[in-house]
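One-letter residues, chain by chain:
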Amino acid sequence: MILTTLADSAPYEVLGPRVAAGLRWLRSMDPALPDGRHPIDGDDVFALVQTYETVPGTEKRLETHVRHVDLQYVADGHERILHAPAAALTVETPYDEATDIAFYADPPFASSLLMRPGDLAIFHPDDAHKPGCMAGARHTVKKVVVKVRIG
C-alpha cells in the first residue's frame, strides 16, 4: 500500500507503464467529470468516478482484487480507508473472478488512512482495503478509482 498525494505521485510511475498512464490521466482529469466508467487504455486501465456518502466502518467490508491494482484518488470530501495485509485475514466471500473481488472478515486490528482532497492511495492485490468509511462524521466524497490491470 502506498499513501501519497496526486501532486507528489510522479515517482510512482516506475511501477509500470499502465500505472504511469493512470497517474498521468488523474493529473489531467477534469474535476467536473461525471460519475461512471471512463476509458484510459481499454480494459487495461480505466477510471471509475463515483460520488457517495461515507458510512460507519462496520457497514463496509475489506476487499482485495487479483487482476487489478487500485489507484484511489479523493477529489473532494474526506473518508477513512482501513487497510490490512490480506494474508492475515479470514476470507468471508471467496474471490469472484467475474467481478475481481474477494471480501474478508474484520481483523482485530487494521491501519487507518485519512483521505482528504488530493490524497492518493495505491492498493496492490495483497492489500485488503475498506474504503468509504466515515472520518469523524459522514461526508460526501467524490472519488476516482483507476483500475490498472496486472500482467
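Scroll up to find the structure.
Let's talk about the overall build of the chain
Consideration 1: From N to C terminus, the chain includes one helix and twelve strands.
Consideration 2: The N-to-C order of helical and strand elements in the chain reads β-α-β-β-β-β-β-β-β-β-β-β-β.
Consideration 3: At 15 Å, the chain has a C-alpha radius of gyration in line with the 15 Å of a compact globule built from 151 residues.
Consideration 4: For the chain, the proportion of its 151 residues judged to be buried stands at 46%.

Looking at the nonpolar core
Consideration 1: Trp 25, Leu 26, Leu 71, Val 144 and Val 146 are the most contacted members of the largest nonpolar core, which has 19 residues in total.
Consideration 2: Elements represented by at least two residues in this core include exactly helix H1 (17-28), strand E3 (45-53), strand E5 (68-76), strand E10 (119-123) and strand E12 (140-149).
Consideration 3: No other element matches H1, which puts four residues into this core.
Consideration 4: Non-local contacts of Val 146, meaning those with residues more than four positions away in its chain, are made with Gly 22, Trp 25, Leu 26, Ile 40, Val 45, Phe 46, Ala 47, Val 69, Asp 70 and Leu 71.

Overview of the pairing of strand E1 (residues 2-5)
Consideration 1: Alternating residues of E1 divide into Ile 2 and Thr 4, all buried, and Leu 3 and Thr 5, none buried.
Consideration 2: Strand direction decides the pairing type here: E1 and E10, joined by four bridges, are antiparallel. The partner of Thr 5 across the bridge, within E10, is Asp 119.

With respect to the packing of aromatic side chains
Consideration 1: Counted by the stated rule, this structure contains zero aromatic pairs.
Consideration 2: Here Arg 37 stacks its cationic end above the ring of Phe 46, 3.6 Å away from the centre of that ring.
Consideration 3: Lying over the aromatic face of Phe 103, Arg 61 brings its terminal NZ or CZ to 3.8 Å of the ring centre.

Overview of the pattern of salt bridges
Consideration 1: All chains considered together, the criterion is met by ten salt bridges.
Consideration 2: Of the charged contacts in the structure, one is a salt bridge between Glu 13 and Arg 27, with a shortest N-O distance of 2.1 Å. Residue Glu 13 is located in the loop between E1 and H1, and its partner Arg 27 is located in helix H1; the two are separated by 14 residues in the primary sequence.
Consideration 3: Note on Arg 27: relative accessible area 35%, which makes it partly exposed.
Consideration 4: Where Lys 130 meets Asp 106, a salt bridge forms, and the shortest distance between an N and an O atom there is 2.8 Å. Of this pair, Lys 130 sits in strand E11 (residues 127-133) while Asp 106 sits in the loop between strand E8 (101-104) and strand E9 (111-115); the two residues are 24 residues apart in sequence, bridging distant segments of the chain.
Consideration 5: Each of the salt bridges in this network shares a partner with another, and the network as a whole consists of Glu 13, Arg 24 and Arg 27.

Thresholds, definitions, all that
Residues numbered from 1 in each chain as written. Predicted model: local features only at pLDDT ≥ 70, side-chain atom pairs only at ≥ 80, totals over all residues. Heavy atoms only, no water. Helix = DSSP H or I, 4+ residues; strand = E, 2+ residues; numbered from the N terminus. Rg over C-alpha atoms; globule rule 2.2 N^0.38 Å. Buried < 20%, exposed > 50% of the residue type's maximum accessible area, 1.4 Å probe, protein only. Core = buried A, V, L, I, M, F, W, Y, C linked by side-chain atoms within 4.5 Å. Contact = heavy atoms within 4.5 Å. Pairing = 2+ DSSP bridges. Phe/Tyr/Trp six-rings, centres within 6.5 Å; stacked < 30°, edge-to-face > 60°. Lys NZ or Arg CZ within 6 Å of the ring centre and 35° of its normal. Salt bridge = Lys/Arg side-chain N within 4 Å of Asp/Glu carboxyl O.

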